[in-house]
Amino acid sequence: MKRKLLSAMLCAVLAINGSPVAMAATKVSDGVVKIGVLTDMSGTYSDLAGPGSLLAVQMAVQDFVAREKPGFKVEVISADHQNKGDISANKAREWIDTEKVDAIIDLVTTSTALAVMKVAKEKNRITIVSGAASTPITNEQCTDTNVHWTYDTYALAVGTGRAVVKQGGKNWFFLTADYAFGKALEKDTTDVVLENGGKVLGRVLHPFPAQDFSSFLLQAQSSGAQVIGLANAGNDTINSIKQAAEFGVTPKQSLAGLLMFITDVHSLGLKATQGMYLTTGFYWDMNEETRAWSRRFFEKKQRMPSMVQAGDYSAMYHYLKAVKAAGTDDTKTVMAKMKEMPVNDFFAKNGKIRDDGRMIHDMYLAQVKKPEESKYPWDYYHIRQVIPADQAFTPLSKSKCPLVKK
Amino acid sequence: MKRIAMGWVALVIAGLIAPFLVYPVFVMKVLCFALFACAFNLLLGYTGLLSFGHAAFLGSAGYIAGHTIKVLGFPPELGILAGTATAAVLGYVFGSLAIRRSGIYFAMITLALAQMVFFLALQMPFTGGEDGLQGVPRGMLFGVIDLRETMNMYYFVFAVFMIGFWIIYRAVHSPFGQVLKAIRENEPRAISLGYAVDKYKLLAFVLSAALSGLAGATKTLVFQLASLTDVHWHMSGEVVLMTLLGGMGTVFGPVVGAAVVMTLQNYGAEIGEWVTVLTGAIFVVCVLAFRRGIVGELAALFPVRKP
């Protein structure tokens, strides 16, 4: 009896202490993969991410469970990070500590993304950034537990900047939001413009956030530049475009929105935005596959998806596939699997996750249609050019991420 | 007096067992904000000065603590001291300018100065601007206590809070505090009694700023980040809300107020946009229906019987 008890105890001890590594390699902890969608539910970015991102993630989970019939359950929880780094870091920490969340996705705005990435790295959990755009996410601040999925400021600057110069927009003037992000966007774009033989006539900094752009727009107007580059985001972009139309700056001079989403175009209307160039990682009306998925999204949300939301779906599906293929939700193993498998879905063809966490895929240069060219609701873009994955993002040779072996 | 003693005992017991009942990181956040609100209350509740720029002290101390710990390699206790000292110096500058005026002008001057600090935080390279300062290591306290352990961190924060709270309590219940209350009640009379009112006000201002800084620096260590949220004028407004909600001019009011506001923000994150509506509604109800705040109303419900 005693011996039996002893061996039983020994087994129990082994089960608890001895084999987490072996168990992790074959099993998903608790049989549940838990996903946290951390996004802006109420603020500036709730249109382009927010509830739509949550829906996209839920769709990915439903599709995955229906198609792949995994041996584990998938649960999704969400919260509003209010675009604040401290709230998002706190929420992420709490999710990981008390809810056993395995991966955190969306993360719109750079400050929240960076804050959560650091927490997740410390706690060894996966982060998937689809919403935020700054390049430090995969450069100076990169982590080996993070994937940056949809787009970044480099891709936007390169795409829009190069295209506009090639279309003859040689003389630029920048309207720049006066903080790190705006200046970085301006610098990246300036480099591209100069490289392609363009000229920068000047710039004006505006406070962030701003409501009244009149004096800045008048400066831009009197500069005589062909192109006014908007190195700002969100409501600042929307306001500057609206006011540019009111002041008659457009269509004499053209605007280049360096960070524009389809939701911005939708709320501004085609009259104010027609002819603008912008770079996007996804457009719903590209082919049968994108249309099919986007219509499903539309049915539930009454809006077409932004690239951030489409990217959330794609990333979530890829993550779950990696968990299934690896047979575990162990961070390191899943991350290795995610990097090993190519991404092939409606969002990306032959997408690949690099060592710095950057998912590279084709980006698209779009031009906003004239009102008379738009035939049906949400018919907003001409896709003018496909920017191949290897040209769209910062080359690894220029990467400042310590994880990249050179 | 007996009731205050009971309050202390309740606070200590609650503080000691809280991390076993509630998520510890959340309690740490509440403690940091409670200290911040108490420091603010020293000025608003006991001296009658409404500062609308206290975020500047919370935030700048956070940035300095974060920077000194992360980049200059300071140990956590020195980082916090550096942050607190910065806030005190800033408080001296703000205070010497602002106390020359009173009422709404005082509030406006502090707001204007705080906006300057916000601008600096947005523009100076070491703060990371919009992106903030992340990945501040918690490190070893006094070289021996590992703060990466949540419980160690918790009791450290609790100790910091208790020290700050005790300083405020002592200040309020000292002759110095009596003079502050006299200034609050009738400033010309305090002057006519021969008190150097400006010096008292300035000292209260610096003390309040320094303790706000202590809260901010500790918060940075807890979350391992410093962000613009803490220097934004919203934060200056939020601390007013906490203080009013809990009970202005009561010892424990701001603690309760901070706990309520933080709970709303934290657990309200799931209901999304309704949080701001809810906070606003509560504020309106508070101002309309119970002006003395939660603790103030409770105290009025159960008046102390004079022997």
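## Let's talk about the state of the cysteines
Tallied over the full model, the rule gives one disulfide over all chains. Each sulfur in the disulfide pair Cys-142 of chain A and Cys-401 of chain A lies 2.0 Å from the other. Handedness here is read from the sign of the S-S torsion; for Cys-142 of chain A and Cys-401 of chain A, about 80°, the answer is right-handed. Note that Cys-142 of chain A is positioned in the loop between strand E4 (126–129) and strand E5 (146–148) and Cys-401 of chain A in the segment after helix H15 (389–392), a separation of 259 residues in sequence. Considered together, Cys-142 of chain A and Cys-401 of chain A belong to a single accessibility category, that of buried residues. In this structure Cys-32 of chain B is a free cysteine whose sulfur lies 12 Å from that of Cys-38 of chain B, the closest cysteine sulfur available.

## So, the interface of chain B and chain A
Contacts between the two partners involve 27 residues from chain B, matched on the other side by 28 residues from chain A. Summed over the shared surface of chain B and chain A, the number is one salt bridge. Applying the counting rule to chain B against chain A returns eight residue pairs in polar contact (both at pLDDT 80 or more). Mapped onto the side of chain B that touches chain A, the elements with two or more residues apiece are helix H2 (24–44), helix H5 (104–123), helix H9 (197–223) and helix H11 (253–268) of chain B. When the residues that make up the side of chain B that touches chain A are grouped by side-chain class, the tally is 10 nonpolar, nine polar and eight charged.

## Considering the pattern of salt bridges
When the charged atoms of two side chains with opposite charge come close together, those side chains can pair. Residues and elements named next belong to chain A. If you walk through the whole model with that rule in mind, you get 26 salt bridges over all chains. Ionic pairing is found between Lys-324 and Glu-68, a salt bridge with its closest N-O pair at 3.9 Å. Of this pair, Lys-324 sits in helix H13 (residues 307–326) while Glu-68 is found in helix H3 (residues 50–68), placing the two residues 256 residues apart along the sequence. According to the relative accessible area criterion, Lys-324 is partly exposed, its value standing at 36%. Under the relative-accessibility criterion, Glu-68 is labelled partly exposed at 26%. Taken together, the shared-partner salt bridges in this structure form one network comprising Lys-34, Glu-75 and Glu-99.

## Digging into the sheet that holds E5 of chain A
Residue and element names in this part refer to chain A. One open sheet accounts for five strands, arranged E2-E1-E3-E4-E5; its pairing is parallel. This sheet does not close on itself; its edge strands, each paired only once, are strand E2 (73–80) and E5. Taken pair by pair, the neighbouring strands of this sheet meet at an average axis angle of 20°, ignoring direction. Inspection of the sheet shows strand E1 (residues 32–39) paired to strand E3 (residues 103–106) by four bridges, in the parallel sense. The residue of E3 that forms the bridge with Leu-38 is Asp-106. The strands that helix H5 (residues 110–123) touches are E1, E3, E4 and E5; relative to E4, the one it contacts most, it runs at about 160°.

## A word on the domain arrangement of chain A
Residue and element names in this part refer to chain A. Partitioning chain A into domains gives domain 1 (2–151 + 287–357) and domain 2 (154–280 + 363–388). Placing the centre of domain 1 and that of domain 2 at their C-alpha centroids yields a distance of 32 Å. Taken together, the contact between domain 1 and domain 2 spans 15 residues of the former and 16 residues of the latter. Together domain 1 and domain 2 conceal approximately 1,300 Å² of surface at their shared face, both sides included; 72% is due to carbon and sulfur atoms. It is Tyr-151, Met-304 and Met-307 that lose the most area in domain 1 upon contact with domain 2, and together they represent 35% of the buried surface on that side. Summed over the shared surface of domain 1 and domain 2, the number is zero salt bridges. Counting the contacts that link domain 1 with domain 2 gives zero residue pairs in polar contact (both at pLDDT 80 or more). In terms of residue class, the side of domain 1 that touches domain 2 is made up of eight nonpolar, five polar and two charged.

## Looking at the layout of surface pockets
Residue and element names in this part refer to chain B. A volume near 940 Å³ is recorded for the second largest pocket. Every residue lining the second largest pocket is counted, 35 residues in all, and those nearest its centre are Gly-7, Ala-10, Phe-252, Val-256 and Val-295. Where the lining of the second largest pocket is concerned, the elements lending two or more residues are helix H1 (2–21), H2, helix H6 (150–172), H11 and helix H13 (293–301). Looking at which element gives the most residues to the lining of the second largest pocket, the answer is H1, with 11 residues. Counted by class, the lining of the second largest pocket contains 27 nonpolar, six polar and two charged residues.

## Digging into the nonpolar core
In terms of nonpolar packing, the biggest core is built from 223 residues, with Trp-149, Tyr-319 and Met-338 of chain A touching the most fellow members. For this core, the leading source of residues is H2 of chain B, giving 18 residues. With sequence-adjacent residues up to four places away left out, Met-338 of chain A is seen in contact with Ile-128, Val-147, Trp-149, His-318, Tyr-319, Ala-322 and Ile-353 of chain A.

Parameters at a glance
Residues numbered from 1 in each chain as written. Chains lettered and ligands numbered in written order. Predicted model: local features only at pLDDT ≥ 70, side-chain atom pairs only at ≥ 80, totals over all residues. Heavy atoms only, no water. Disulfide = S-S within 2.5 Å. Helix = DSSP H or I, 4+ residues; strand = E, 2+ residues; numbered from the N terminus. Buried < 20%, exposed > 50% of the residue type's maximum accessible area, 1.4 Å probe, protein only. Contact = heavy atoms within 4.5 Å. Salt bridge = Lys/Arg side-chain N within 4 Å of Asp/Glu carboxyl O. Polar contact = N/O pair within 3.5 Å; in protein donor to acceptor, adjacent residues only side chain to side chain. Nonpolar A, V, L, I, M, F, W, Y, C, P; charged D, E, K, R; others polar. Pairing = 2+ DSSP bridges. Axes fitted to C-alpha atoms, helices over the stretch in contact; angles between N-to-C directions. Domains from an automatic or database assignment. Buried area = accessible area lost by both parts, 1.4 Å probe. 1 Å grid on protein atoms, 1.4 Å probe; cavity = no way out; pocket = protein on both sides within 12 Å on 5 of 7 lines; lining within 4 Å. Points joined across faces, edges and corners; volume = space filled by probe spheres on them. Core = buried A, V, L, I, M, F, W, Y, C linked by side-chain atoms within 4.5 Å.

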